[in-house]
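Per-entry structural report
Each chain is listed here by its residues.
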Amino acid sequence: CSSDLVLSPRAAGRGARAARHHTGTMLQLSENLLFGMGNPLLDICAVVDKDFLDKYGLKSNDQILAEEKHKELFEELVKRFKVEYHAGGSTQNSVKVAQWMIQTPHRVATFFGCIGTDTFGEILKKKAEEAHVDAHYYEQAEQRTGTCAACITGDNRSLVANLAAANCYSKEKHLDVEENWKLVEKARVYYIAGFFLTVSPDSILKVATQSSEKNKLFSLNLSAPFISQFFKEPLMKVMPYVDILFGNETEAAAFAREQGFETDDIKEIARKAQALPKVNTKRQRIVVFTQGEEDTIVATVDKVVVYPVIEIDQDKIVDTNGAGDRKST
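Here's a quick rundown of the structure. (Residues numbered from 1 in each chain as written. Predicted model: local features only at pLDDT ≥ 70, side-chain atom pairs only at ≥ 80, totals over all residues. Heavy atoms only, no water.)

1. Concerning the sheet that holds strand 7 (residues 147-153)
- Strand order across the open sheet formed by five strands is 3-8-7-2-4, with mixed pairing between neighbours. For this open sheet the edge positions go to strand 3 (62-65) and strand 4 (84-88), each flanked by a neighbour on one side alone. Between one strand axis and the next, the sheet turns through 20° on average, direction left out of account.
- When strand 7 meets strand 8 (residues 156-162), the two strands line up antiparallel, connected through seven bridges. Along strand 8, the bridge assignment pairs Thr-153 with Asn-156.
- Taken strand by strand, helix 4 (residues 90-102) contacts strand 2 (41-47) and strand 4, and its axis lies near 95° from that of strand 4.
- Docked against the sheet, helix 5 (residues 119-130) engages strand 2, strand 4 and strand 7, running at close to 75° with respect to strand 4. (Pairing = 2+ DSSP bridges. Helix = DSSP H or I, 4+ residues; strand = E, 2+ residues; numbered from the N terminus. Axes fitted to C-alpha atoms, helices over the stretch in contact; angles between N-to-C directions. Contact = heavy atoms within 4.5 Å.)

2. Brief notes about the packing of aromatic side chains
- Per the counting criterion, the structure on display carries 12 aromatic pairs.
- When the ring of Phe-226 is compared with that of Phe-231, the centres are 6.2 Å apart and the planes differ by 70°; the resulting orientation is edge-to-face.
- By relative accessible area, which is 24% here, Phe-231 ends up partly exposed.
- Connected via pairs of aromatic rings, a cluster forms that spans Phe-35, Phe-112 and Tyr-190. (Phe/Tyr/Trp six-rings, centres within 6.5 Å; stacked < 30°, edge-to-face > 60°. Buried < 20%, exposed > 50% of the residue type's maximum accessible area, 1.4 Å probe, protein only.)

3. Regarding helix 12 (residues 266-274)
- Among the residues of helix 12, Ile-266, Ile-269, Ala-270, Ala-273 and Gln-274 are the ones counted as buried. Buried residues of helix 12 fall within an arc of 135° about the axis and therefore sit on the same side.
- Of the surrounding elements, those touching the buried residues of helix 12 are strand 11 (244-248), helix 11 (249-259), strand 12 (286-291) and strand 13 (294-299).
- At the N-terminal end of helix 12, a side-chain oxygen is found 2.8 Å from the backbone nitrogen of Lys-267, two or three residues along, and the residue is Asp-265. (Arc of directions from axis to C-beta. Polar contact = N/O pair within 3.5 Å; in protein donor to acceptor, adjacent residues only side chain to side chain.)

4. Considering the environment of Ile-44
- Looking at the element boundaries, Ile-44 is found in strand 2.
- Since its relative accessible area comes to 0%, Ile-44 is described here as buried.
- When the C-alpha atoms of Ile-44 and Ala-149 are compared, they prove to be 4.9 Å apart, with 105 residues separating the residues in sequence.
- Apart from the residues lying within four places of it in its own chain, the contact partners of Ile-44 are Phe-74, Leu-77, Val-78, Val-83, Glu-84, Tyr-85, Phe-120, Thr-147, Cys-148, Ala-149 and Ala-150.

5. Details of the pattern of salt bridges
- A complete count under the given rule lists 17 salt bridges for this structure.
- Among the salt bridges present, the one from Lys-125 reaches Glu-139, with a minimum N-O distance of 3.3 Å. With Lys-125 in helix 5 and Glu-139 in strand 6 (residues 134-140), this residue pair connects regions lying 14 residues apart in the sequence.
- Under the relative-accessibility criterion, Lys-125 is labelled partly exposed at 26%.
- Note that Asp-243 and Lys-278 form a salt bridge whose closest N and O atoms lie 2.6 Å from each other. Of this pair, Asp-243 sits in the loop between helix 10 (232-238) and strand 11 while Lys-278 is found in the loop between helix 12 and strand 12, placing the two residues 35 residues apart along the sequence. Across the pair, exposure class does not vary: Asp-243 and Lys-278 are buried alike.
- Through salt bridges with shared partners, one network takes in Asp-49, Lys-55, Glu-76 and Arg-80. (Salt bridge = Lys/Arg side-chain N within 4 Å of Asp/Glu carboxyl O.)

Limitation: the analysis is restricted to geometry and does not speak to function.
Structural data, given as structure tokens:
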């Protein structure tokens, strides 16, 4: 979930070319080449009115975690408005868009995460299948499937996330299972959002270590300022294995403060993040920091490059839901 504007196909193409350059070769597309792991949420999207936002204390363009006062929001949203369901959650959004950009073959993207054994879980599985993503969910009955209400007014969207089952992922009961781990080993490119550090850091570390040992490509997104602030220890345990680090300007600033970089210059932050210790020296780290409509910053071992963002006409923007997740693709 992000308020950043979505990249145009031209800008996305630049990112793809950078990834090809980093891998040193053009990857032959095949099933399960890309692996993502994160917090799966069923996005429930609807155009709502201001009264609905006011009733639940929502801002028109914001993203929050559901509280007790939002308990009835999801049910009311479905009953009162025309809703659309999408397979969501930060990482799942990114791999879903990657699969959409690839088109064929199907199931190039694999996704792991935890859902509940309920109706929303069944809808989520169906939506992932429709997107041609090879989703292998850990299913449990203790918590309901996580949901994210996307309340759209005009060009804005207010997101209310209820993680629920997404918080229940089990490394031992899912990632370590032989048939699942074989899918991890089959992949050559890995993408995980920092949000998952709050759920199963050991799972991330296992995937990242395997990727580094076999000289594959592992990428991580800083996701939100609070990850750098309150999950600094697990984040920095994973960092030596990160080949491509993504973030936006506020996440970069929070990361810099926590790391003691003593600068608020985003180019310098990118350069310092690029130079952090790395296990696999065969791949030099790339750091990509977006700034909404401002220039995107890309730092490599020997330079920092600025890429202007291609402006999009306002009348072509449907809404900004999930736009930031798409920038990682």
